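Geometric and topological summary
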Amino acid sequence: MQAVLATAPGGPEVLTVHDVPDPEPGRGALLVRLAAAGLNFIDTYRRSGVYPVEFPHVPGSEGAGVVEAVGAGVDGFTVGDRVAWESAPGSYAELVLVPADRAVPVPADVPLETAAALMLQGLTAHYLVTSTYAVSPGDDVLLTGGAGGVGLLATQLATARGARVVTTVGDADKEALARAAGAADVIRYRELDDLTTDLPRIVRDLTDGAGVAVAYDGIGKDTFDASLASVRRRGTLVLFGGASGQVPPFDLQRLNRAGSLFVTRPTLGDYVATRDELLGRCADLFAAVGAGTLDVRVGATFPLTDAAAAHRALEGRSTTGKVLLVPA
């Protein structure tokens, strides 16, 4: 089979395609022929060495496909089943070993590419708005990166729960996408003279001076201070990513002075720690897709052989929605 290897820590150029032996499913595993693999910022963190991993390794952890073989001790799956997953290391490959306890059956009315696009970012959006801070009717919400994969999904989910969503985007095209997803107000951050002071001022003008109940920030270093200053008294800042870099340590007394704020840095694994929770969240998402109330935008699709180009596009912030890798 063909697989993408990250040969050493570095830029996208370290991603190269190799012919490697087909894997065999061990006990508790499924062998799945890939339909699509999801591209996520965590893949770039591992590739670059921000998150330590062994090299060489096959990147990727998210995807969907069709079961080709079932390992010993696996119940509930058979050859030909359509499945998706959010945590199977080595997903940038034509054949993927997926732990059976992390594989999720995909309903017939959900395309496999849609399922692949929905797993990590959809589950992230779901836990953010239902669990990390459970959005309620009437809440004002700030969401950075409103035209990204998580942003578009979280906007739809938060709006469906009765929130008013304010998002930040880079340009007019991304603004149109954010508004189509349900954002009430969209701020083009590149048009601001000073993001750290201008964004909070605009947000507070939109909220009668109070600020938002929650700010969901997936950008990180470039937006953290502005997001924090946009939160109302006793409000919450949820830092769920670092697309612009990691936020440096900061003085906790800032939370006191800013109005007894809460800050959290969640990770998906803690919100799908049990199989029941994983299946429950996926059931909600797949049901919304099937009902037509959740639109999953695939902004770009690259062949596996162009994984390096896909990483460049993602890191260059030139993509919208989800980026997928598909077998040639």
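Residues numbered from 1 in each chain as written. Predicted model: local features only at pLDDT ≥ 70, side-chain atom pairs only at ≥ 80, totals over all residues. Heavy atoms only, no water.

Let's shift gears to helix 1 (residues 41-48). Within helix 1, the full set of buried residues consists of Asp43, Thr44, Tyr45 and Arg47. In this structure, the buried residues of helix 1 make contact with strand 2 (15-19), strand 3 (29-39) and helix 9 (307-315). One or two residues past the end of helix 1 sits Gly49, with phi positive at roughly 95°. (Buried < 20%, exposed > 50% of the residue type's maximum accessible area, 1.4 Å probe, protein only. Helix = DSSP H or I, 4+ residues; strand = E, 2+ residues; numbered from the N terminus. Contact = heavy atoms within 4.5 Å.)

A word on the nonpolar core. Membership of the largest hydrophobic core comes to 47 residues, with the highest contact counts inside it found for Leu118, Leu123, Leu128, Val129, Tyr216, Phe286 and Leu294. When residues of this core are traced back to their parent elements, those giving at least two are helix 2 (112-132), strand 8 (140-143), helix 3 (149-160), strand 11 (212-217), helix 8 (275-291) and strand 15 (322-326). Apart from residues no more than four positions distant in its own chain, Leu118 is found in contact with Glu62, Leu123, Leu153, Leu285, Phe286, Val289, Leu294 and Val296. In terms of nonpolar packing, the next biggest core, distinct from the first, is built from 29 residues, Val96, Ala100, Ala103 and Leu314 among them. (Core = buried A, V, L, I, M, F, W, Y, C linked by side-chain atoms within 4.5 Å.)

This part is about the sheet that holds strand 9 (residues 164-169). Taken in spatial order, the six strands make up an open sheet running 10-9-8-11-12-13, and their pairing is parallel. The outermost strands of the open sheet, each flanked by one partner alone, are strand 10 (185-188) and strand 13 (262-264). Strand after strand, the sheet turns through a mean of 15° between neighbouring axes, direction not considered. Bridging between strand 12 (residues 231-239) and strand 13 involves three bridges; their strand directions are parallel. Its bridge partner lying in strand 13, Thr236 is registered against Phe262. This element, helix 3, spans strand 8 and strand 9 of the sheet and lies at about 165° to strand 9. (Pairing = 2+ DSSP bridges. Axes fitted to C-alpha atoms, helices over the stretch in contact; angles between N-to-C directions.)

Attention now moves to the pattern of salt bridges. Between side chains of opposite charge, pairing is possible as soon as their charged atoms come close. Tallying each qualifying case throughout the model produces twelve salt bridges. Here Arg281 ties to Glu277 by a salt bridge, and the two come within 3.0 Å at their closest N and O atoms. Placement of the pair is Arg281 and Glu277 together in helix 8, with a separation of four residues, close to one helical turn. The network of salt bridges with shared partners includes Glu175, Arg179, Arg188 and Glu191. (Salt bridge = Lys/Arg side-chain N within 4 Å of Asp/Glu carboxyl O.)

This part is about the environment of Val66. Here Val66 shows up in strand 4 (residues 63-70). For Val66, a relative accessible area of 30% puts it in the partly exposed group. Considering only alpha carbons, one finds Val66 and Gln253, 187 residues apart in sequence, at a separation of 51 Å. With residues near it in sequence (within four places) discarded, Val66 still touches Leu31, Val32, Arg33, Gly80, Asp81 and Leu112.

So yeah, pure geometry; function would need other evidence.
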